[in-house]
Amino acid sequence: MLGRLRQRRRARRLAALTLDAARARAARGAALLDDRDPGWADRVDPGSLHLSDGEACVLGQLWGEYRQGLGRARVLDFSSAPGRFVSPVDLGFQAVGDLGDAAEALDYTFLTRAWRDEVTARRALGEAPNASPARNAAPGVR
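Everything numeric here is computed off the predicted structure, so don't read it as measured data.

**Student:** Help me understand the side chain of Thr112 in this model?
**Tutor:** Assignment of secondary structure puts Thr112 in helix α5 (residues 101-124). Setting aside its immediate chain neighbours within four residues, Thr112 contacts Leu49, His50 and Leu51.

**Student:** What exactly am I supposed to notice about the pattern of salt bridges here?
**Tutor:** Side chains that differ in sign of charge can pair as their charged atoms come close. For the structure on display, the rule yields seven salt bridges. A salt bridge links Arg13 to Asp98; the nearest nitrogen and oxygen atoms lie 2.9 Å apart. Remark: Asp98 occurs in the loop between α4 (66-72) and α5 and Arg13 occurs in helix α1 (residues 2-15); sequence separation between them is 85 residues. Residue classification places Arg13 among the partly exposed positions, given a relative accessible area of 25%. Looking at Asp98, the relative accessible area reads 52%, which means it is exposed.

**Student:** Looking at this structure, how should I read the side chain of Asp37?
**Tutor:** Relative to the elements of secondary structure, Asp37 occurs in the loop between α2 (19-36) and α3 (58-63). Under the relative-accessibility criterion, Asp37 is labelled buried at 2%. A polar atom in the side chain of Asp37 sits 2.4 Å from the side chain of Arg43.

**Student:** It is not clear to me how the nonpolar core should be interpreted in this structure. Could you clarify?
**Tutor:** Generally speaking, nonpolar side chains in soluble globular proteins are found buried as a group. Counting residues in hydrophobic clusters, the biggest one holds 30 residues, and the most contacted among them are Leu33, Trp40, Val58, Leu59, Phe93 and Trp115. Elements with a contribution of two residues or more to this core: α2, α3, α4 and α5. If sequence neighbours within four positions are ignored, Trp115 has contacts with Ala26, Gly29, Ala30, Leu33, Trp40, Leu49, Leu51, Val58, Leu91, Gly92 and Phe93.

**Student:** What is the right way to read the packing of aromatic side chains from this model?
**Tutor:** Aromatic ring pairs: the centre-centre distance and the angle between the two ring planes describe each pair. In the structure shown here, the tally under the stated rule is two aromatic pairs. On the numbers, 5.8 Å between centres and 80 degrees between planes, the contact of Trp40 with Trp115 is edge-to-face. With Trp40 in the loop between α2 and α3 and Trp115 in helix α5, this pair connects stretches of sequence that are 75 residues apart. Of the residues examined, Trp40 reaches a relative accessible area of 0% and is grouped as buried. Residue classification places Trp115 among the buried residues on the basis of a relative accessible area of 0%.

**Student:** Before we go on, may I ask you to explain α2 in this structure?
**Tutor:** An α-helical turn contains 3.6 residues, so any two residues separated by three or four positions project in the same direction. For α2, built from 18 residues, the straight-helix expectation of 26 Å at 1.5 Å per residue is met to within 8% by its first-to-last C-alpha distance of 25 Å. Listing the buried residues of α2 in full gives Leu19, Ala22, Arg25, Ala26, Gly29, Ala30, Leu32 and Leu33. The buried residues of α2 occupy an angular sector of 155 degrees when the element is viewed end-on, so they sit on one face. Exposed residues pointing more than 90 degrees away from the buried face of α2 are listed as Asp20 and Asp35.

**Student:** What exactly am I supposed to notice about a nonpolar patch on the surface here?
**Tutor:** Together, Met1, Leu2 and Leu5 make up a nonpolar patch on the protein surface, roughly 360 Å² of accessible area in all. For Met1, the position within the fold is in the segment before α1. For Met1, a relative accessible area of 72% corresponds to the exposed category.

What counts, and at which threshold
- Residues numbered from 1 in each chain as written.
- Predicted model: local features only at pLDDT ≥ 70, side-chain atom pairs only at ≥ 80, totals over all residues.
- Heavy atoms only, no water.
- Helix = DSSP H or I, 4+ residues; strand = E, 2+ residues; numbered from the N terminus.
- Contact = heavy atoms within 4.5 Å.
- Salt bridge = Lys/Arg side-chain N within 4 Å of Asp/Glu carboxyl O.
- Buried < 20%, exposed > 50% of the residue type's maximum accessible area, 1.4 Å probe, protein only.
- Polar contact = N/O pair within 3.5 Å; in protein donor to acceptor, adjacent residues only side chain to side chain.
- Core = buried A, V, L, I, M, F, W, Y, C linked by side-chain atoms within 4.5 Å.
- Phe/Tyr/Trp six-rings, centres within 6.5 Å; stacked < 30°, edge-to-face > 60°.
- Expected span 1.5 Å × (residues − 1).
- Arc of directions from axis to C-beta.
- Patch = residues over 30% accessible without salt bridge, like charges linked within 9 Å, V, L, I, M, F, W, Y side chains within 5 Å.
- Areas by Shrake-Rupley, 256 points an atom, 1.4 Å probe, with all protein chains shown as cover.

Here is the structure:
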């Protein structure tokens, strides 16, 4: 009985891995970056963006490495002040990792496309005019 419940839950979670779901997650992450690092999109190169690579992902391009970016963007805050946990998965910075390698690869593919769309949309709105990537150059975030 328990095994069937786990299989159903897994099947539901696998079915939820869609481009639309990845777009919603990336939109939440982009909104967080808009708030915490305005102008971030002009420092991300959508052509070399790959969410599965810790240096070529959004946070890696902004701050040199995924884990460092989690701290710099204040997704993970290790200060003594109590805070609300924000999941890197829910923000589209990381793929769902407990459904197997194929599902993780598919989720990263969807997330890469979704983040490219987020960057492109911000540039089209003029929020990041004449964009050129400059790694590790987050103004005011050192």
